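Results of the structural survey
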Amino acid sequence: MRLLVIRHGDPDYEHDSLTPKGWREANLLADRLEKLTVCRFYCSPCGRARDTAKETLRRARREATICGWLREFPAQILDPETGKPRIPWDLMPEYWTARGDLYDKDRWYDDPLMRTGDVRERYREVAQGLDGVLAEHGYRRDGMIYRAERPNRDILVFFCHLGAEGVMLSHLLGISAPVLWHGTFIAPTSVTTIVTEERKRGIAAFRCRTIGDTSHLSRAGEPVSDSGLFPETWQG
């Protein structure tokens, strides 16, 4: 099985849609995806994800299954400086790197900072939603592996968001979500490819082949958006 996880195009957050650049990116993404034989499409209910999927679905004459768990990861924590609710990623490096539990795949959401909000509950919601889809397609989770009850080469496409994609990768690969949120950048309309490996009959694990691939943009001369990425050097 092959999972293609796609972040939405360059975002217009004010209108929950795409910028003109984002629409160009979505069209170039459709050029890439229309060459594939996709088994099922899944999409976040948020406008920017649905708009990213629109051209691909139009060309394929298909519809996507809308999944609430694919929306931008909705968990909130209390900011340690302001005391106000905020997202649980984009923490300052000197803060999160000093908290050892945030590196642990089993304990990160029990860190006192994460326990100021509903991170654990929302993480489980995404994990259960993803595992439900995989079970429908023949792969049932058993601990950290999957039982390949109906092994296949299906391609599933998920249109989602930066925070949500980090959670999906965390669950499939057994990596702390904060490590992925802070240590990787997933550009708008980039394609992350995760495949099953079945080295023994009936036992599968997921392996990431590419993360955040934007070759469909570079081939067309379309610059890669830095939305969600901080400057390379201090800007003052």
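Our structure is the block above this text.
Every residue gets a number counted from 1 within its own chain, in the order that chain's sequence is written. Under the rules for a predicted model, residues below a pLDDT of 70 receive no local features and side-chain atom pairs below 80 are neither given nor counted, while totals for whole chains, interfaces and linings still include all residues. With hydrogens and water excluded, all non-hydrogen atoms of the structure serve as input to the side-chain values.

At arginine 61, a residue that is not glycine, the phi angle is positive and equals roughly 55°. Put simply, DSSP marks the helices as runs of H or I at least four residues long and the strands as runs of E at least two long, and each gets a number from the N terminus on. Secondary-structure assignment places arginine 61 in the loop between α2 (47–60) and β5 (65–66).

Another point: the packing of helix α4 (residues 119–136) against helix α5 (residues 162–173). Relative orientation of the contacting elements α4 and α5 amounts to 65°, with a least axis distance of 10 Å. Put simply, α4 runs roughly perpendicular to α5. As for the relative orientation of α4 and α5, their crossing is right-handed in sense. Two secondary-structure elements touch here, α4 through Tyr123, Val126, Ala127, Leu130, Asp131 and Leu134 and α5 through Val167, Met168, Ser170, His171 and Leu172. Gly falls in the polar group here, along with every residue not listed as nonpolar (Ala, Val, Leu, Ile, Met, Phe, Trp, Tyr, Cys, Pro) or charged (Asp, Glu, Lys, Arg). Residue classes in the contact of α4 with α5 are distributed as eight nonpolar, two polar and one charged. Axis geometry follows a simple rule: fit a line to the C-alpha atoms, using only the stretch in contact for helices, then measure angles between N-to-C directions, giving values from 0 to 180 degrees. By the definition adopted for this analysis, an angle is roughly parallel if under 35 degrees, roughly antiparallel if over 145, roughly perpendicular if from 65 to 115, and oblique otherwise. For any helix crossing, the convention is left-handed if the near helix is rotated counterclockwise from the far helix by under a right angle, and right-handed if that rotation is clockwise. Should any heavy atoms of two residues lie within 4.5 Å, those residues are considered in contact.

Structurally, the position occupied by alanine 60 is in helix α2. Only protein chains enter the calculation, and the probe is 1.4 Å; a residue is then buried if its accessible area is under 20% of its type maximum, exposed if over 50%, and partly exposed in between. Using a relative accessible area of 35% as the deciding quantity, one classes alanine 60 as partly exposed. Once the C-alpha coordinates of alanine 60 and valine 38 are considered, the two residues, 22 residues apart in sequence, prove to be 9.1 Å apart.

What the largest pocket holds in volume is close to 660 Å³. Any residue with an atom within 4 Å of a point lines the site, the site being either a cavity, points on a 1 Å grid over the protein atoms alone where a 1.4 Å probe fits but cannot get out, or a pocket, an open set with protein on both sides within 12 Å along at least 5 of 7 lines. Lining the largest pocket we find 28 residues, and of these Asp90, Leu91, Met92, Pro93 and Phe230 sit closest to its centre. Contributing elements (two or more residues each) for the lining of the largest pocket: α3 (93–96), α5 and α6 (177–183). The residue makeup of the lining of the largest pocket, split by class, is 17 nonpolar, six polar and five charged. Grid points are joined across faces, edges and corners, and a volume is the space filled by probe spheres set on the points.

Turning our eyes to something else, we now look at the nonpolar core. Remark: nonpolar core denotes a set of buried residues (Ala, Val, Leu, Ile, Met, Phe, Trp, Tyr, Cys) joined through side-chain atoms within 4.5 Å. The biggest cluster of nonpolar side chains holds 43 residues, and the ones touching the most others in it are Leu3, Trp69, Phe73, Trp108, Leu134, Phe158 and Met168. Listing elements by their share of this core, those giving two or more residues are β1 (2–7), α4, β9 (145–148), β10 (155–160), α5, α6 and β12 (203–213). Ignoring sequence-local partners within four residues, the contact set of tryptophan 69 consists of Glu125, Val126, Gly129, Leu130, Val133, Phe158 and Met168. By size, the runner-up hydrophobic cluster in this structure holds 15 residues, among which are Ile6, Ala49, Leu57 and Val157.

So yeah, pure geometry; function would need other evidence.
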